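Listed below, chain by chain, are the residues.
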Amino acid sequence: MNIMTLLEMAATGTPDRVAIGRYGAAGSGALSCLQLLDQAGAGAAVLRESGAEEVVYLGVNGEAFPVALFASAWAGVPLVPLNYRLGRDQLAGLLAHHPHALVISDLDPPTGARVMGIREWRAACADAGPDVPRWDDEPDAVAALLYTSGTTSAPKAAVLRHRHVVSYLLGSVDFGAAGERDAMLVSVPPYHIAGVSNLLSNVYAGRRVVYLESFTPEGWLERVREEEVSHALLVPTMLARLTEHLGDAPHAGVPTLRSLAYGGAKMPMPVLDRAIRLFPGVDFVNAYGLTETSSTIAVLGPDDHRAALGGDPVARARLGSVGRLLPGIEIQVRGSGGVLPAGASGDIHVRGPQVSGEYRDQGTSLDPEGWFATRDRGWVDNAGYLFVEGRSDDTIIRGGENIAPAEIEDVLLEHAAVAEAAVVGVPDERWGQDIAAAVVLRPDRLVDAEELRDWVRSRLRGSKTPALIVFRATLPQTPTGKILRREVLADLLGGQREPIA
């Protein structure tokens with residue numbers, strides 16, 4: 001099945017329902033389900049006439065993106081959303097891998113490729129033009145090429161075929177289940193897997209998608225109120241900024257909001273506690289997934305969050321998990337001796353029809369039995385809750401002991417003065433590796449390195465206490481809040497950035 005079939009179902013079932021865009025005067029560019037289908041067909045005709053073998057989307061969130069995604073699917077060519085925030089040299093390096101693409105962008109990309117401006121693209125797709133032959137339902141055709149975040153190594157283009165994406169949608173979303181007035185506010189960028197999966201899942205569910213081009217706490221709150229948003233997704237850094245902006249307010253003042261999902265990076269517990277207080281009555285959902293798995297594979301649902309609020313200590317501890325696996329997903333936690341039992345920490349492997357595990361020019365990374373090594377470490381409790389400790393590449397091996405940086409970061413973030421923390425392993429002659437931490441303090445808060453070392457030592461143990469703690473004004477992160485540990489390590493080893501006063 002092609003993802004176009006899902007849009008066709010929505011256009012047939014609820015043709016006049018707004019699928020993309022805003023209501024009122026600001027919603028002049030809004031698209032109904034039927035209009036989105038028609039514009040996808042017009043866009044497919046443009047792509048076929050151009051002879052493009054791929055479509056590179058290089059722009060911010062907006063109505064042009066869903067039209068590009070569905071038009072590409074109709075035309076039978078992959079969509080390649082790229083990070084518009086990258087420097088020219090980085091963009092040139094990525095675009096060199098797509099020499100026969102049509103680039104949809106208002107930027108001036110460093111390439112000789114054909115470029116169509118976003119306004120020009122929208123205008124071309126608004127003209128229905130001649131009938132275009134129906135899309136091919138080949139499930140193995142490539143729907144999208146999405147570059148991984150590259151937190152520990154260079155980004156790679158993950159290959160998502162139509163069968164992977166459709167499997168995720170059919171296994172996790174009920175067709176047409178949304179109410180007529182439901183609206184989803186999408187703040188994550190289009191080049192992230194959540195940007196793609198949120199678009200597809202909400203169109204399939206019948207929920208209007210509202211885009212926020214760039215996130216600010218003020219802009220997000222205003223958009224929720226203006227558009228009477230019922231559902232939203234935020235990454236942890238966004239939620240942290242939102243709770244800081246609201247401060248001591250009794251609540252966020254967004255009465256229509258019913259569901260708030262978070263994911264994309266580890267959520268600090270103090271941020272989640274503040275958010276739950278500020279959004280009373282809102283269902284919180286933690287979604288865990290990877291680009292290579294076509295989005296979410298595990299969910300910690302509203303009932304789990306409510307149980308934790310009710311004072312259940314087991315439920316409270318499970319707030320640190322990413323929940324339980326979606327139907328159709330299998331998991332193994334492996335160590336050097338093979339598959340580990342519940343409660344034992346090791347390397348996470350997953351298997352299921354939505355799991356791709358394939359990279360362009362590198363082929364599949366699945367083992368002969370179809371298992372994908374996520375490169376995350378973690379463990380599963382007896383009830384099936386998955387606890388993710390961090391990337392396997394991030395694991396610090398100190399004197400033969402495996403140490404998860406996330407455990408130390410969680411303790412640092414519990415300190416009232418600490419806003420952000422990143423822990424990495426640095427070379428050490430005695431231990432092989434030792435522990436170093438880069439810390440960002442909250443405004444108007446002061447604390448010295450030795451006090452933080454004592455804080456960690458009193459809650460963990462000496463072997464997990466950072467030998468080095470430095471203070472920084474900011475930490476390098478991806479737009480979805482994942483810490484770029486390779487840059488943190490380079491900073492600590494090379495002194496490329498000066499400590500703040």
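Note that the structure is predicted; figures quoted are calculated from it, not measured.

Draft legend 1. Region of the structure containing the overall build of the protein. Helix and strand counts for the protein stand at 15 helices and 27 strands. Each of the three principal axes of the protein carries a C-alpha extent, and together these read 70 × 50 × 45 Å. Counting over 501 residues, the protein shows a buried share of 54%. Of the contacts formed within the protein by residues at least 6 apart in sequence, a portion of 67% connects residues at least 24 apart. Charged side chains of the protein number 46 positive and 62 negative; the gap between the two group centres comes to 3 Å.

Draft legend 2. A look at the sheet that holds strand β16 (residues 330–335). Across the sheet, which stays open at both edges, the five strands sit in the order β17-β16-β18-β21-β22 with antiparallel pairing between neighbours. The open sheet has two edge strands, β17 (338–339) and β22 (386–391), and neither has a second partner. Pairing of β16 with strand β18 (residues 346–351) involves five bridges; the strand directions are antiparallel. Following the sheet pairing, glutamine 332 is matched in β18 by histidine 349.

Draft legend 3. Structural context of the packing of helix α1 (residues 3–13) against helix α2 (residues 33–50). Closest axis-to-axis distance for the α1/α2 pair is 8 Å, and the angle between their directions is 140 degrees. One way to sum up the angle between α1 and α2 is to call them oblique. The chirality of how α1 crosses α2 is left-handed. Here α1 contributes Met4, Leu7, Glu8, Ala10 and Ala11 to the contact with α2, which in turn contributes Cys33, Leu34, Leu36, Leu37 and Ala40. Residue composition of the contact of α1 with α2, by class: nine nonpolar, no polar and one charged.

Draft legend 4. How the structure looks around the environment of histidine 98. Along the polypeptide, histidine 98 turns up in the loop between α4 (88–95) and β5 (101–105). On the basis of relative accessible area, histidine 98 is assigned to the buried category, the value being 1%. For the pair formed by histidine 98 and alanine 113, sequence separation is 15 residues and the distance between their alpha carbons is 8.6 Å. Excluding anything up to four places from it in sequence, histidine 98 contacts Glu54, Val56, Val80, Leu145, Tyr147 and Arg360.

Draft legend 5. A look at helix α8 (residues 217–226). Residues Pro217, Trp220, Leu221, Arg223 and Val224 constitute the buried set of α8. Along the long axis of α8, the arc covered by the buried residues comes to 160 degrees, so they all point the same way. Buried residues along α8 sit in contact with β9 (183–186), β10 (208–211), β11 (231–234), α9 (236–246) and β12 (259–263). Just downstream of α8 lies glutamate 228, where phi reads positive at about 50 degrees.

Draft legend 6. Highlighting the packing of α2 against helix α3 (residues 64–75). Put simply, α2 and α3 touch, their axes get as near as 7 Å, and they point 60 degrees apart. Overall, the two elements α2 and α3 adopt an arrangement that is oblique. Between α2 and α3 lies a crossing of right-handed hand. Facing α2, whose interface residues are Leu36, Leu37, Gln39, Ala40, Gly41, Gly43, Ala44, Leu47 and Arg48, α3 presents Pro66, Val67, Phe70, Ala71, Ser72, Trp74 and Ala75. Considering only residue class, the contact of α2 with α3 consists of 11 nonpolar, four polar and one charged.

Draft legend 7. Highlighting the side chain of serine 294. Turning to its location among the elements, serine 294 is positioned in the loop between β13 (283–290) and β14 (295–300). Given the relative accessible area of 3%, serine 294 is considered buried.

Draft legend 8. The environment of arginine 461, seen in detail. Note that arginine 461 resides in the loop between α14 (449–459) and β27 (468–471). When sequence neighbours within four positions are dropped, the list of residues in contact with arginine 461 reads Glu401 and Val456.

Draft legend 9. Structural view of α14. Of all the positions in α14, only Leu452, Arg453 and Val456 are classed as buried. Buried residues of α14 fall within an arc of 105 degrees about the axis and therefore sit on the same side. Considering only its buried residues, α14 is in contact with α13 (405–413), β25 (418–428), β26 (432–441) and β27.

Draft legend 10. Geometry of the environment of alanine 416. Mapped onto the elements of the fold, alanine 416 is located in the loop between α13 and β25. When the C-alpha positions of alanine 416 and valine 80 are compared, they lie 42 Å apart, and in sequence the two are 336 residues distant. When neighbours within four sequence positions are excluded, alanine 416 is seen to be in contact with Arg442 and Arg445.

Draft legend 11. Representation of the sheet that holds β27. Strand order in this open sheet of three strands is β25-β26-β27, and the pairing throughout is mixed. The sheet is open, and its two edges are formed by β25 and β27, each paired on a single side. The average undirected angle you get between the axes of adjacent strands in this sheet is 25 degrees. Two elements, β26 and β27, share four bridges in a ladder whose sense is parallel. Counted as the bridge partner of valine 439 is phenylalanine 471 from β27. Sheet strands touched by α13: β25 and β26. Its angle to β25, the strand with the most contacts, is close to 145 degrees.

Procedures and definitions
- Residues numbered from 1 in each chain as written.
- Predicted model: local features only at pLDDT ≥ 70, side-chain atom pairs only at ≥ 80, totals over all residues.
- Heavy atoms only, no water.
- Helix = DSSP H or I, 4+ residues; strand = E, 2+ residues; numbered from the N terminus.
- Buried < 20%, exposed > 50% of the residue type's maximum accessible area, 1.4 Å probe, protein only.
- Contact = heavy atoms within 4.5 Å.
- Lys, Arg positive; Asp, Glu negative; His and termini not counted.
- Charge placed at Lys NZ, Arg CZ, Asp CG, Glu CD.
- Pairing = 2+ DSSP bridges.
- Axes fitted to C-alpha atoms, helices over the stretch in contact; angles between N-to-C directions.
- Parallel < 35°, antiparallel > 145°, perpendicular 65-115°, else oblique.
- Left-handed = near helix turned anticlockwise from the far one by under 90°.
- Nonpolar A, V, L, I, M, F, W, Y, C, P; charged D, E, K, R; others polar.
- Arc of directions from axis to C-beta.

This is a description of form; function is not addressed.
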